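Single-letter residue listing:
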Amino acid sequence: MAASSSIFLVYFLLPLFSTATLHSSSLYRSQLITQQESLPKSATPITFFEVTKPIKLPKTKPCSYLILEHDFGSTYRKPPILANYTPPLNCPSQKFSKIVLEWRSTCKGRQFDRIFGVWVSGVEIFRSCTAEPTKNGIFWTVKKDITRYSSLLMKNQIFAVYLGNIVDSTYTGVYHVEIFVHFYPAEVRLGGFDSVADLIVPISRNMHLNDGLWFEIENSTDVQSKDFKISPNVYRAVLEVYVSFHENEESWYANPPNEYISSNNLTIAGNGAFREVVVSLDEMVVGVVWPFTVIYTGGVNPLFWRPISGIGSFDLPSYDIEITPLLGKILDGNSHKISFRVTDALNVWYVDANLHLWLDGKGMKTEGKLLKYSCSPLSLSVLTNFTGLDGSFITNASRSITLTGMVKSSYGTITTKSSQSLSYSNYMVMGNEGNLQIVDQIIEFNDTVYATTPSSSVHSLESFKKYLFQ
Ligand SMILES: *[C@@H]1O[C@H](CO)[C@@H](O)[C@H](O)[C@H]1NC(C)=O
Ligand SMILES: *[C@@H]1O[C@H](CO)[C@@H](O)[C@H](O)[C@H]1NC(C)=O
Ligand SMILES: *[C@@H]1O[C@H](CO)[C@@H](O)[C@H](O)[C@H]1NC(C)=O
Ligand SMILES: *[C@@H]1O[C@H](CO)[C@@H](O)[C@H](O)[C@H]1NC(C)=O
Ligand SMILES: *[C@@H]1O[C@H](CO)[C@@H](O)[C@H](O)[C@H]1NC(C)=O
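As the structure is a prediction and not an experimental result, all values here were calculated from the model.

S.K.: Provide a residue-level description of the overall build of the chain, including the pertinent values.
M.R.: Along the chain, the regular secondary structure elements total four helices and 26 strands. In the chain, which comprises 470 residues, the share counted as buried stands at 52%. Across the chain, every contact between residues at least 6 apart in sequence was considered, and the portion connecting residues at least 24 apart equals 80%. When the accessible area of the chain is evaluated, it comes to approximately 20000 Å², of which 55% is carbon and sulfur surface.

Okay, structure coming up:
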């Protein structure tokens, strides 16, 4: 059986215009509030939406549950809102082929776009951004396929939502939120290589902190990590990484080189336009994430995102790194460490991960061995050509990582080769005495996984992604 997926995302955007403060959001947003006031008055709430591929649902009737309902008012730097989660015991069927999370929210008044996360006992299942409300109110709903988290959802858990909102006399919007989970009974039996993990280990922060369960990465030397242990009968492991970028990094792809900033005495976010999230296992780089340029609902110009929100803004992508070839290093029953850093980061990146584990069906103790590891150092070049505030910068980067390893389980000895191959090119022009900025960026992010079984059949997962930002 071969599964292959090919994702092609295209993102076109008008050039980023702005004042000499470039994309400094505070000034930009205060101008936009004035524009918001002059919008045509609509008496009924506006429904916001993101254009996405619909979720493929079975024809069965779902069992639906309201998991959490809350008004997010003054929640900034307060503990996440918690709810007791119980599995769908009263549903007539107990075999589900699709599980869908539904976020429903209304808001009225004036408010910023707020990032939020949803965790099930520390495993992040949803990262998103709120829509910016209007005087007469807005409504939006987001549906996400959360079937891959099934093993968690069949047990009692603590459900947590962190949405840091601030309400005052100017920013009056309170987000009224309801979260449902819909369980669709299966039409046919499931199983095989593409089945979902049996166990998911959170690589996130403590639930009892006064904010999100994500790690906050504030600069290029900041390393955040978490220790974990796995059971001795794991035969497959995938690390799912969630990332989002904020404040100085909200439009990292438009940050100019520091040389340009210092020679013009500017005080804007810099460090150039390239970022990579580097994921390590016990100090060994196992994968990187060159993220999709999600523009939040308040980004560039909020009027662009009303009511159609930017790609990924209501459901930020997560990134899978197949680490099965490395199981030999972590099946020893000892504690190991996963850590994250972000190349050239400024304040702030929110990063965490989930370790999806597949357990041997016969409970056999598995064994693994890393056969080959290759990780090219990051190749990064920046060409600058400017005089005063005008000029252009070309930033190019590439990287490849390949892991090959074998795992012996009751399914036989399976050899897995997992590769990441990435390229990046960013062409940035500053014109009009720094009042015009054009960014033209392409990221190619290819992941492939080939697993060879004893009978020499090959299972493959391939993802070829191309992110264009213009
Ligand atoms: C980077 O961030 C970490 C974590 O906040 C902090 O401890 C460290 O001092 C920072 N380093 C620099 C060079 O700013
Ligand atoms: C930047 O500041 C320095 C020191 O104050 C000054 O000598 C220089 O002329 C300034 N450059 C520009 C482009 O404003
Ligand atoms: C730098 O930019 C100037 C003005 O656009 C152009 O004339 C010149 O050829 C560029 N130099 C290089 C090395 O690209
Ligand atoms: C950067 O990459 C682009 C796209 O691949 C290429 O056309 C260009 O020649 C590269 N420039 C440099 C300076 O490496
Ligand atoms: C990604 O895959 C596509 C399709 O096979 C290929 O054309 C492209 O060169 C690959 N890019 C990288 C960076 O590996």
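From this point, the discussion proceeds with the structure in view.
S.K.: For the site of ligand 1, give the residues involved together with the corresponding values.
M.R.: The local shell around ligand 1 consists of Glu-218, Asn-219, Thr-221 and Asp-222. The contact in question runs from an oxygen atom of ligand 1 to an N or O atom on the side chain of Glu-218, over 2.7 Å.

S.K.: Give me the lowdown on unusual backbone geometry, citing residues and values where you can.
M.R.: Across the junction of Arg-306 and Pro-307, the peptide omega takes the value 5°, indicating a cis bond. Here Pro-307 shows up in the loop between strand S16 (284–289) and strand S17 (308–309). Here the residue pair Asn-347 and Val-348 is connected by a cis peptide bond, since its omega of 15° sits within 30 degrees of zero. Tracing the sequence through the fold places Val-348 in the loop between strand S19 (336–342) and strand S20 (349–359). In this structure, Asn-265 takes a positive phi of about 55° despite not being glycine. Mapped onto the elements, Asn-265 comes out in the loop between helix H3 (258–263) and strand S15 (277–281). Backbone geometry at Glu-433 places phi at a positive 60°, although glycine is not the residue there. Its place among the elements puts Glu-433 in the loop between strand S24 (412–431) and strand S25 (436–452). For Glu-433, a relative accessible area of 53% translates into the label exposed.

S.K.: Tell me about the side chain of Gln-111, and please be specific about residues and values.
M.R.: By secondary structure assignment, the location of Gln-111 is in the loop between strand S5 (96–107) and strand S6 (115–120). Aside from chain neighbours lying at most four places away, what touches Gln-111 is Glu-132, Pro-133, Asn-165, Ile-166, Val-167, Tyr-171, Thr-172, Gly-173 and Tyr-175.

S.K.: Give me the environment of Ser-457: which residues, what numbers.
M.R.: Tracing the chain through its elements places Ser-457 in the loop between S25 and strand S26 (458–469). For Ser-457, a relative accessible area of 33% translates into the label partly exposed. The contact partners of Ser-457, leaving out residues within four places of it in the chain, are Ala-451 and Thr-452.

S.K.: Describe the side chain of Thr-130, with residues and values.
M.R.: Residue position: Thr-130 is located in the loop between strand S7 (123–129) and strand S8 (138–145). The buried category is assigned to Thr-130, whose relative accessible area is 0%. In terms of polar contacts, Thr-130 uses its side chain to reach the side chain of Tyr-175, at 3.0 Å.

S.K.: Lay out the confidence of the model for the chain with the relevant residues and their values.
M.R.: Overall, the predicted model of the chain reaches an average pLDDT of 89, with 90% of residues at or above 70. Confidence drops under pLDDT 50 across residues 1–39; counting only partners more than four residues distant or on other chains, this segment forms 97 contacts.

S.K.: Explain the sheet that holds S15 to me, using residue names and the numbers behind them.
M.R.: Taken together, four strands build an open sheet; the order of strands is S13-S19-S15-S16 and the sheet is antiparallel. A strand with exactly one partner marks an edge of an open sheet, and here the two such strands are strand S13 (224–228) and S16. Here the average twist between neighbouring strands, direction ignored, is 20°. In this sheet, S16 lies alongside S15 in antiparallel orientation, the contact comprising five bridges. Bridged to Ser-280 within S16 is Val-285.

S.K.: Outline the state of the cysteines, listing residues and values.
M.R.: Tallying each qualifying case throughout the model produces one disulfide. Each disulfide pairs two cysteine sulfurs, and for Cys-63 the partner residue is Cys-91, the sulfurs being separated by 2.0 Å. Residues Cys-63 and Cys-91 share a disulfide whose torsion about the S-S bond is about 75°; that sign makes it right-handed. Pair noted here: Cys-63 is in strand S3 (residues 63–72) and Cys-91 is in the loop between strand S4 (81–85) and S5, with a separation of 28 residues, a long-range link. According to the relative accessible area criterion, Cys-63 is buried, its value standing at 13%. Note on Cys-91: relative accessible area 4%, which makes it buried.

S.K.: I'd like a description of the pairing of S7, backed by residues and values.
M.R.: Side-chain direction in a regular strand flips from residue to residue, so the side chains alternate between the two faces of the sheet. Within S7, seven of the seven residues are buried, which leaves the element mostly enclosed by the surrounding structure. Relative to S7, S6 is paired through six bridges, and the arrangement is antiparallel. Its bridge partner being in S7, Gly-117 is matched across the sheet by Arg-127. In sequence, S6 turns back onto S7 through a hairpin of two residues, with Ser-121 there showing a positive phi of about 45°.

So, how was this worked out
Residues take numbers from 1 onward in each chain, read along the sequence in its written order. Each chain gets a letter, beginning with A, and each ligand a number, beginning with 1, in the order they are written. For this predicted model, a pLDDT threshold of at least 70 governs which residues receive local features, and a threshold of 80 or more governs which side-chain atom pairs are given and counted, while totals over whole chains, interfaces and linings are taken from all residues. Side-chain measures were taken over the full set of non-hydrogen atoms in the model, leaving aside hydrogen atoms and water. Strands here are runs of E lasting at least two residues and helices are runs of H or I lasting at least four, both read from the DSSP assignment and numbered beginning at the N terminus. Accessibility here uses a 1.4 Å probe with only protein chains present; expressed as a share of the type maximum, an area under 20% marks a residue as buried, one over 50% as exposed, and anything in between as partly exposed. Between two residues, a contact is recorded if the distance between any of their heavy atoms is within 4.5 Å. For the accessible areas, the method is Shrake-Rupley and the probe is 1.4 Å, while residue cover comes only from the protein chains on display. Put simply, a residue is near a molecule or strand once any heavy atom of it comes within 4 Å of that molecule or strand. Whenever a nitrogen or oxygen atom comes within 3.5 Å of another N or O atom, the pair is scored as a polar contact, on the condition that within protein one atom can donate a hydrogen and the other can accept it, and that pairs from neighbouring residues in sequence are kept only if both atoms are in side chains. The predictor attaches a confidence to each residue, and that confidence, scored 0 to 100, is pLDDT. When DSSP finds two or more bridges between a pair of strands, those strands are recorded as paired. Orientation is described by lines fitted to C-alpha atoms, with helices fitted over the stretch in contact, and by angles between N-to-C directions that extend from 0 to 180 degrees. Any pair of cysteine sulfurs within 2.5 Å is marked as a disulfide.

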